[in-house]
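Descriptive structure summary
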Amino acid sequence: MSTAERPAGRPAEPLAIAYSPCPNDTFVFDAWAHGRVPGAPGLDVTFADIDITNGMAERGELDVLKVSYAVLPWVLEEYALLPCGGALGRGCGPLVLTREAGVDLAGKTVAVPSERSTAYLLFRLWAADVLPDGVGKVVVLPFHEIMPAVRDGRVDAGLVIHEARFTYQDYGLHCLADMGEHWESTTGLPIPLGAIIAKRSLGAETLHALAESARTSVRMAWDDPEASRPYVRAHAQELDPAVADQHIGLYVNEFTANLGDAGYAAVRGLLTRAAAEGLVPAIAPNALDFP
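A brief look at the structure comes next. These figures come from a predicted structure and were not determined experimentally. (Residues numbered from 1 in each chain as written. Predicted model: local features only at pLDDT ≥ 70, side-chain atom pairs only at ≥ 80, totals over all residues. Heavy atoms only, no water.)

**Here's the deal with the overall build of the chain**
Rule in force here: To qualify as a helix, a DSSP run of H or I must reach at least 4 residues; to qualify as a strand, a run of E must reach at least 2; elements of each kind are numbered from the N terminus. Within these notes, the globule rule equals 2.2 Å times the number of residues to the 0.38 power, and the radius of gyration is based on C-alpha atoms. Only protein chains enter the calculation, and the probe is 1.4 Å; a residue is then buried if its accessible area is under 20% of its type maximum, exposed if over 50%, and partly exposed in between.
Within the chain one finds 12 helices and 11 strands. In terms of overall dimensions, the chain is globule-like: its C-alpha atoms have a radius of gyration of 19 Å, near the 19 Å expected for 291 residues. Dimensions of the chain, computed from C-alpha atoms along their principal axes, come out at roughly 65 × 40 × 30 Å. Counting only residues that meet the buried cut, the chain has 54% of its 291 residues in that class.

**Description of the side chain of S117**
Condition: Side-chain atoms alone can form a polar contact between residues adjacent in sequence; in general such a contact is a pair of N or O atoms within 3.5 Å, and within protein one must be able to donate a hydrogen while the other accepts it. Residue contacts are defined here by distance: any two heavy atoms, one from each residue, within 4.5 Å place the two residues in contact.
The topology assignment puts S117 in the loop between β7 (109-112) and α4 (118-130). For S117, a relative accessible area of 4% translates into the label buried. Separated by 3.0 Å, the side chain of S117 and the backbone nitrogen of Y120 make a polar contact. In contact with S117, not counting residues within four places along its chain, are N54, S68 and A70.

**Quick look at the sheet that holds β7**
Here is the rule: Strand pairing is assigned whenever DSSP detects at least two bridges linking the two strands. To obtain an axis, a line is fitted to C-alpha atoms, over the contacting stretch when the element is a helix, and the angle between two such axes runs from 0 to 180 degrees between their N-to-C directions.
The strand order across the open sheet formed by five strands is β8-β7-β9-β6-β10, and the pairing between neighbours is mixed. Each edge of the open sheet is held by one strand with a lone partner, namely β8 (137-140) and β10 (174-178). Along the sheet, successive strands turn relative to each other by an average axial angle of 30°, direction set aside. In the sheet, β7 pairs with β8 via four bridges, with the strands oriented parallel. When the bridges of β8 are listed, V110 appears paired with V138. The strands touched by α4 within the sheet are β6 (95-98), β7, β8, β9 (157-160) and β10, with β9 carrying the most contacts at an inclination of about 130°. This element, helix α5 (residues 143-151), spans β6, β7 and β9 of the sheet and lies at about 150° to β9.

**Some remarks on the pattern of salt bridges**
Applied cut-off: Note on definitions: salt bridges are taken to be side-chain nitrogens of Lys or Arg within 4 Å of carboxyl oxygens of Asp or Glu.
Evaluation of the coordinates by the stated rule reveals 11 salt bridges. With a closest N to O distance of 3.4 Å, D178 and R165 form a salt bridge. On the criterion of sequence distance, the pair formed by D178 in strand β10 and R165 in helix α6 (residues 164-167) is long-range, its members being 13 residues apart. Across the pair, R165 and D178 agree in class, each one buried. One salt bridge connects D245 with R229, and the closest N-O pair in it is separated by 3.1 Å. Taken as a pair, D245 in helix α10 (residues 241-251) and R229 in helix α9 (residues 225-234) lie far apart in primary sequence, 16 residues in all. Of the residues examined, D245 reaches a relative accessible area of 36% and is grouped as partly exposed. Residues joined in a network through salt bridges with shared partners are E226, R229 and D245.

This is the structure:
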């Protein structure tokens with residue numbers, strides 16, 4: 001696009017963005033990343049797991065990032081929360097898995113994918129309600145290593161996310177507890193998982209362009225799901241196509257297009273509860289407001 005054709009206020013250079021190779025992210029960003037969203041800012045894409053992007057956000061490394069809602073209290077001074085593009089939902093929360101059914105986790109070792117993840121916050125809030133003596137030890141493992149570690153007895157339990165809810169039985173594991181089910185039953189709110197954030201220094205006009213581009217990209221994916229399939233499959237890490245479709249169906253929903261009142265209430269509720277437990281710093285009353 002020439003300078004004359006570029007909409008006023010749009011960045012001349014592609015914006016550096018990082019999101020995961022998971023099917024929900026590649027589905028959402030496919031049209032935008034491949035230049036099919038009219039007038040959208042260009043993107044220079046890096047693929048990285050959520051624990052990596054959380055760290056990038058804390059260091060202020062890229063323009064736009066998919067991160068855990070749990071990391072927001074540490075980054076909201078530099079980054080604004082976009083009101084779309086992320087992952088919230090119902091019936092899609094993290095699971096605690098064990099080798100045997102009904103294990104008592106008191107004093108046991110639990111593997112988690114990150115201590116700055118929404119999954120970890122939901123786990124800690126669940127544990128505060130149902131495990132008065134707490135767990136013995138929390139260890140951080142890469143997401144793909146957690147189920148094998150539980151299966152092989154290297155840890156007593158594992159906290160898993162995403163497509164693991166569809167595949168854990170293949171490892172002979174049992175679901176001890178559903179963190180999302182606990183969250184929904186105690187709050188009535190959807191489960192906040194992943195957020196899209198962008199640097200405030202980009203300015204309000206670019207931030208609004210980013211939000212509109214994200215909305216358009218996801219709507220284009222819904223309108224023509226087949227168009228995104230090559231991108232999804234290329235980065236799905238050998239995930240079965242049927243599981244990838246289940247993954248997309250669960251994590252890409254109305255909250256992806258627009259957080260809305262219920263979405264914002266869920267995010268505030270999570271961060272308020274977590275701050276009350278001393279898990280995250282408290283955020284300012286207007287910290288989630290979109291510029």
